[in-house]
Structure formats: structure tokens, C-alpha cells
Amino acid sequence: MHRIIKTVPKSLFGKGSFNQVADVIDNLRSDNKPYAVFLVDDFFKDKTLAKRIPLKGSDYLIWVNVDLEPKTTLVDKIRDQIRDGNKNLPCTIIGLGGGSVMDYAKAVSVMLTNEGPSSQYQGLNLAKNDAIYHIGIPTLAGTGAEVSMTAVLTGPEKKLGIKGEFTPFDLIVLDPELISDAPKNQRFYTGMDAYIHNVESMTGNNRNAISDSYAAQSQVLCREVFLNDKLTREEADEKLMVASYFGGLSIGFSEVGVCHALSYGLSYILGYHHGIANCIAFNQLEDVYGEDVKEFHFMVKKHSIDLPKNIAAGLTENQISDMADISIKLDHMWKHAFGAEWQKHVDRKKIMDWFRRM
Ligand code: NAD
Ligand code: ZN
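Sequence order as written defines the numbering, with residues in each chain counted from 1. Here every chain gets a letter starting at A, and every ligand a number starting at 1, in the order they are written. Residue-level local features of this predicted model are given only where pLDDT is at least 70; pairs of side-chain atoms are given and counted only at 80 or more, and the full residue set underlies all totals for whole chains, interfaces and linings. Computation of side-chain values covers all heavy atoms of the structure but excludes hydrogens and water.

## Here we look at the packing of helix α6 (residues 209-227) against helix α7 (residues 233-253)
Orientation is described by axes fitted as lines to C-alpha atoms, over the contacting stretch for helices, and by angles from 0 to 180 degrees between their N-to-C directions. Each helix is a run of H or I in the DSSP string that is no shorter than four residues. Each strand is a run of E no shorter than two, and both are numbered from the N terminus. Two elements in contact, α6 and α7, have axes separated by 8 Å at closest approach and are oriented at 155 degrees. As the angle between them shows, α6 and α7 are arranged roughly antiparallel. As for how α6 packs across α7, the hand of that crossing is left-handed. Between α6 and α7, the contacting residues are Ile210, Ser211, Tyr214, Ala215, Gln217, Ser218, Leu221, Cys222, Glu224, Val225 and Phe226 on the first element and Ala236, Lys239, Leu240, Val242, Ala243, Phe246, Gly247, Leu249, Ser250 and Phe253 on the second. In this count, Pro and Cys sit with the nonpolar residues alongside Ala, Val, Leu, Ile, Met, Phe, Trp and Tyr, while Asp, Glu, Lys and Arg are called charged and the others, Gly among them, polar. Among the residues making up the contact of α6 with α7, the classes are represented as 14 nonpolar, five polar and two charged. The cut-offs work like this: below 35 degrees is roughly parallel, past 145 is roughly antiparallel, 65 to 115 is roughly perpendicular, and the gaps in between are oblique. For a crossing to be left-handed, the near helix must be turned anticlockwise from the far one by less than a right angle; the clockwise case is right-handed. We call two residues contacting when some pair of their heavy atoms lies within 4.5 Å.

Here is the structure:
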């Protein structure tokens, strides 16, 4: 079965494009949808970006804390806050932040038009009604959340996306200035998400001419950003945003693999954010991803990145076992990496051994 892939229909790209957001919102306002809601990473509360957010009239801003990755419970709370406080729906929900805030914006915009708790919609094509118009504005680059068809959420039972044709943003604003202050480690962890997406996309059974093309070009850009000393930071930021975009598209047409399956276990049980969790896992996957992991080691060293090691030493067998339970359920990722008969190559013991190496 081939899947229908929906991508983001409109993009504003380039340095300073954030300044056009006010005009974009004005064009969306109507009598019965007069106001906009900004969901903004609370990291920016006391930063200059906060002062640049173009709030007008009855628009309002909700600060979103992402110390924990997006939860279905907070999606429901934000949705209820917007509904209860207004007689009309908003003309748009704008997510300004990293992958976490962008996923909140996608999920809230779907949940404003679909009844019940968001945990009921974790899965493929479960939403019935089209979402509120939503705009994604990344402040970190790498996840591809700005182009993807999914809003990854941790619910009571699982970490799984609200995935479907209503989830992708209607418009994204890619302004490299917004990622220019990201601290070295966080920039690297999130940037490596794109690198790892590309590696996993290109090395599994779901690969195809489209996913390979996006991944190959995204990988060229990732290498320029993290290996070419001649680029200015400004040039590098622009390229990193495109690497993220193409990496996200590549995954859309293909699938992630072993590193992401393990990384979901790390995030769910230990609370590591996606980027750093991927880096912790990928660092130990030379047996699966060979030369790419060697190149990753080189980049970690080159940029003097702090990467947690020996975390397994501080874990109980129960925690390792719980992480394996989360990972092994991600059938689609294992199938992509090892084929329909993946259970012949990977079992719980092998997964636990991978975790023990970390
Ligand atoms: P993030 O959004 O989780 O943020 C990481 C940290 O960086 C947070 O503390 C945040 O406050 C901070 N931050 C954000 N922008 C910053 C900036 N410009 N300067 C300094 N700090 C900044 O990080 P991420 O790596 O972009 O996103 C990870 C999230 O994306 C996870 O929740 C993951 O599940 C999700 N994700 C989604 C998809 C998708 O397709 N929807 C794909 C990959 C990952
Ligand atoms: Zn990822």
C-alpha cells in the first residue's frame, strides 16, 4: 500500500521573514475568526524575540514550557483554555519554538475542531475535521517537525503522533535569524536529528527515489554545516534550516529506523529530549550505521559537544527493560530497518544490550 503524503503548501523563507508574520495574520482574520493565538516556547519570555511577536487587538500569547516533551494532557489544557475563553475560534494558531512547540501548535489546531481527548487521536488519520489554520516558526533546526505530517505526543499509554492530512502546517516561516542564538549543544543535538533522519531514511526498506533525493541533499547540507569551517554562521544557519526541511520530507516518504526506536525508549522512560536522546543512541550504533556513526563521532569531537555517556550504569534492570518495551513496539521502524521478518534480527535482549552500551 502506498501512503498519501501531504506536505506544507506554503513557505516563507529567508532572513527577516519573521517580520512579515503580522501581514500574514491580518490576511487570515475574519468576522467570526478575528484573533490569533501564539504558542511560544517560554525560553523566550525574557528574550528580545518576545518583544517582536506581532500581537494585535484580541490576539493572545500562551507561553509553553517544554522541559518535558509534548504531552496529550497539555494539548487538551491549551485547547480548553482557547475554547473556554472565547466565543469564536481563532483564525490561526502560531507555534514559535523548537520541534516541541511546533508539535503543540499542530496538535492544538487539530484538537480545536475535533472532540474528546487528544490521546484518542494518537495514530494515523483519526481526526475527522480539518484543523484551524496553523503556522510553524522554528527556532531550532533539525527535527523536520515544520514539514511533517505528525505531531509527536506522549500520552498515557504511548509516545505516538497525531498523524494525518490535517496535521501539517498551512504555512511555515523559516527565518534563519531565529536560530542564530541557539546554544552550541542544543543546536547540535537538534541538527543531528536531521542527519540521523537522513541516514535512517536511506538505509531501510521504505526508501525510494523521492526519500533518497531529499535525504541525499539534506546530508550534503548537514555536512557543510557541521564540517565546513569556511561557512559563516549566517550561511550555516540558512543551510541547516533547509537540511531540516529536506530531512523531514525524506522521512515523510520513508521511515526512521533503529536509532529512533531506541531514542523513543530513552525519552519515554528517562525524559531525554528527542535530539539528545538520538545522539546518545546513535553514538553507540556503529554496528548498524557504520561509517555514518564514525562521522558523527568526528563531528561531536570537532564541536566539543557534551554527550552523556555511561548512562546505563546508573539505571536499574527494570528501567532498561521498560525502555526495551517501548522500543520493541515500534514495529514500523524495525520493519523499515530490518525487513518484514525483523524479529529474526532483533529481540528484546538485543535491544536491552543496545541500551546497556549507552
Ligand atoms: P525542543 O523544542 O524540544 O527544545 C529543546 C530545548 O531548546 C528546550 O529547552 C527549548 O526551550 C530550547 N530552545 C528552543 N529554541 C531555542 C533557541 N533558539 N535558543 C535556545 N534554546 C532554544 O527541541 P527540538 O530538538 O527542536 O525538538 C524536539 C521535539 O520535536 C521533540 O518533542 C520531538 O518529539 C519532536 N519531533 C517532532 C517531529 C515531527 O515530525 N513532528 C520530528 C522530530 C522531533
Ligand atoms: Zn527525529
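## As for the environment of Ala145
Within the secondary structure, Ala145 is located in the loop between β6 (134-138) and β7 (150-154). Considering only alpha carbons, one finds Ala145 and Gly99, 46 residues apart in sequence, at a separation of 5.5 Å. Apart from residues lying up to four places away in sequence, Ala145 is in contact with Gly99, Met102, Asp103, Lys106 and Phe169.

## Regarding the coordination of the zinc ion (ligand 2)
Metal coordination here is assigned from N, O and S atoms located within 2.8 Å of the ion, or within 3.2 Å for Na, K and Ca; omission of water means that sites may look incomplete. The protein atoms that coordinate the zinc ion (ligand 2) are Asp193 (OD), His197 (NE2), His260 (NE2) and His274 (NE2), at distances spanning 2.1 to 2.2 Å. Each of the four donor atoms around the zinc ion (ligand 2) contributes to a set of angles spanning 86 to 172 degrees, which defines the coordination as irregular. Site description for the zinc ion (ligand 2): donor spacing in sequence, D-x3-H-x62-H-x13-H. On the criterion of sequence distance, the pair formed by His260 in helix α8 (residues 258-270) and His274 in helix α9 (residues 274-282) is long-range, its members being 14 residues apart. A four-donor site is called tetrahedral if each angle lies between 85 and 135 degrees; a four-donor site is square planar, and a six-donor site octahedral, when trans pairs exceed 155 degrees and the remaining angles lie between 65 and 115; all other cases are labelled irregular.

## Considering helix α13 (residues 348-357)
It helps to recall that an α-helix has 3.6 residues per turn; residues three or four apart then point in one direction. Within α13, burial applies to Ile351, Met352, Trp354 and Phe355. All buried residues of α13 fall inside an arc of 155 degrees around its axis, so they share one side. Those residues of α13 that are buried are in contact with α8, α10 (286-302), α11 (317-328) and α12 (331-338). The buried label applies to any residue whose accessible area, calculated with a 1.4 Å probe on protein chains only, is under 20% of its type's maximum; exposed applies above 50%, and partly exposed to all values in between. Of all possible arcs, the one meant is that of the directions from the helix axis to the C-beta atoms.

## Overview of the environment of Gly314
Topologically, Gly314 is positioned in the loop between α10 and α11. Assessed through its relative accessible area of 65%, Gly314 is described here as exposed. A C-alpha to C-alpha distance of 33 Å links Gly314 and Gly247, two positions 67 residues apart in sequence.

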